[in-house]
Amino acid sequence: MVDRLANSEANSKRINLVEGCFGTAGQPLAIPGRVLIGEGVLTKLCRKKPKARQFFLFNDILVYGNIVIQKKKYNKQHIIPLENVTIDTIEDEGELRNGWLIKTPTKSFAVYAATATEKSEWMNHINKCVGDLISKSGKTPNSEHAAVWIPDSEASICMRCNKVKFTPVNRRHHCRKCGYVICGPCSEKRYLLPSQSSKPVRVCDLCYDLLSNGDFSSCLPSRSDSFSHPSKFKNNLSDDDDDEDSSD
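Small disclaimer: the values here were computed from a predicted structure and weren't measured.

Participant: Teacher, can you tell me more about the sheet that holds strand E6 (residues 99-103) here?
Facilitator: With antiparallel pairing, seven strands are arranged side by side in an open sheet as E4-E3-E2-E1-E7-E6-E5. Each edge of the sheet is formed by a strand with only one pairing partner; in this case those strands are strand E4 (73-81) and strand E5 (86-90). Across the sheet, the mean angle from the axis of one strand to that of its neighbour is 35°, orientation sign disregarded. Packed onto the sheet, helix H2 (residues 9-22) meets strand E1 (36-45), strand E2 (50-58), strand E3 (61-69) and E4 and runs at close to 30° relative to E1.

Next comes the structure, spelled out in structure tokens:
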């Protein structure tokens, strides 16, 4: 089906419409062989709170952006190559349901669909596209993923020293290796994580020591650690931008 649609006029029109919705600030999306598989609104778990985002699934990339005017205008376009993606379901708990993780070497995050059926369709289509890409390229599926950032609302005190309370003065930061919410004194060190940045990035003291000793896996939190209390997220009413727009 994808091959049949690749060069069809209908597919070209759909992709052009998506490009138009992002305007001149978005990157061009029409290339030979690219097919728009589906689209829809998903709730993305951002650093401050869950937010609705428009997602577009193509046969080789996943695109999402902020909704300015539904079906007419989007901004802050993000493009994720599917060959670097793996997904993992999140068990329902609290008010956020029908979720899964989208994991890549540079960024990982959770999204939630409106229904279980919608979740199943998204996950099936993503897995099918990733599988087809890996099969065609002959590459080994990616095994390295950036940590999912634990939302600010999960931590009232530093998750490493368990002493410093967060206030407007004592700000929250995130370790780029484990995703924990940490205080300034516990995250003064930087370490080069090439998959995430060309410059050394903020890491907590524990991850710095582990990485410096060549242990690249011990400081990654489990999925259950990151999503143990989703019902708390509704209490954070901040209107700040996504975590990708934050340097902390």
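After that view of the structure, there is still more to cover.
Participant: Looking at this structure, how should I read the packing of aromatic side chains?
Facilitator: The description of an aromatic ring pair uses the distance of the two centres, along with the angle that the planes make with each other. Under the defined criterion, the tally for this structure stands at seven aromatic pairs. Between phenylalanine 22 and tyrosine 74, the ring centres sit 5.7 Å apart and the planes meet at 50°, which makes this aromatic pair tilted. With phenylalanine 22 in helix H2 and tyrosine 74 in strand E4, this residue pair connects regions lying 52 residues apart in the sequence. Taking relative accessible area as the criterion, phenylalanine 22 reaches 6% and is therefore assigned buried. In this structure tyrosine 74 comes out as buried when scored by relative accessible area, which is 2%.

Participant: Even after reading the chapter, I still don't get the nonpolar core, so can you show me in this structure?
Facilitator: Nonpolar side chains in soluble globular proteins generally cluster together in the buried interior. In terms of nonpolar packing, the biggest core is built from 20 residues, with Phe55, Trp100, Ile102 and Ile126 touching the most fellow members. With near-sequence residues (within four places) excluded, isoleucine 102 lies in contact with Phe55, Leu62, Val85, Thr86, Ile87, Lys107, Ser108, Phe109 and Val111. Counting residues in each nonpolar core, the second largest holds 17 residues, with Cys175, Val181, Cys183 and Val203 among its members.

Participant: What's the story with the state of the cysteines in this structure? I'm lost.
Facilitator: Each disulfide consists of a covalent bond between the sulfur atoms of two cysteine residues. A full pass over the atoms with the stated rule returns zero disulfides. In this structure cysteine 183 is a free cysteine whose sulfur lies 3.6 Å from that of cysteine 186, the closest cysteine sulfur available. Judged by relative accessible area, cysteine 183 falls into the buried class, the value being 2%.

Participant: How should the pattern of salt bridges be read in this particular structure?
Facilitator: When charged atoms on two side chains of opposite charge get close, those side chains can pair. Counted according to the given criterion, the structure contains nine salt bridges. Among the ionic pairs, glutamate 83 bridges to lysine 139, the shortest N-O distance being 3.2 Å. Taken together, the positions of glutamate 83 in the loop between E4 and E5 and lysine 139 in the loop between helix H3 (116-137) and strand E8 (173-174) put the pair 56 residues apart, joining distant regions of the chain. Residue classification places glutamate 83 among the partly exposed positions, given a relative accessible area of 29%. Residue lysine 139 is classed as partly exposed on the basis of its relative accessible area, which comes to 45%. The partner of aspartate 132 in a salt bridge is lysine 128, and the shortest N-O contact between them spans 2.7 Å. Highlighted residues: aspartate 132 and lysine 128, both in helix H3, separated by four residues, approximately one helical turn. Using a relative accessible area of 30% as the deciding quantity, one classes aspartate 132 as partly exposed. Via salt bridges that share partners, Arg47, Lys48 and Asp152 belong to a single interconnected network.

Rules behind the numbers
- Residues numbered from 1 in each chain as written.
- Predicted model: local features only at pLDDT ≥ 70, side-chain atom pairs only at ≥ 80, totals over all residues.
- Heavy atoms only, no water.
- Pairing = 2+ DSSP bridges.
- Helix = DSSP H or I, 4+ residues; strand = E, 2+ residues; numbered from the N terminus.
- Axes fitted to C-alpha atoms, helices over the stretch in contact; angles between N-to-C directions.
- Contact = heavy atoms within 4.5 Å.
- Phe/Tyr/Trp six-rings, centres within 6.5 Å; stacked < 30°, edge-to-face > 60°.
- Buried < 20%, exposed > 50% of the residue type's maximum accessible area, 1.4 Å probe, protein only.
- Core = buried A, V, L, I, M, F, W, Y, C linked by side-chain atoms within 4.5 Å.
- Disulfide = S-S within 2.5 Å.
- Salt bridge = Lys/Arg side-chain N within 4 Å of Asp/Glu carboxyl O.

Read these as geometric descriptors, not functional statements.
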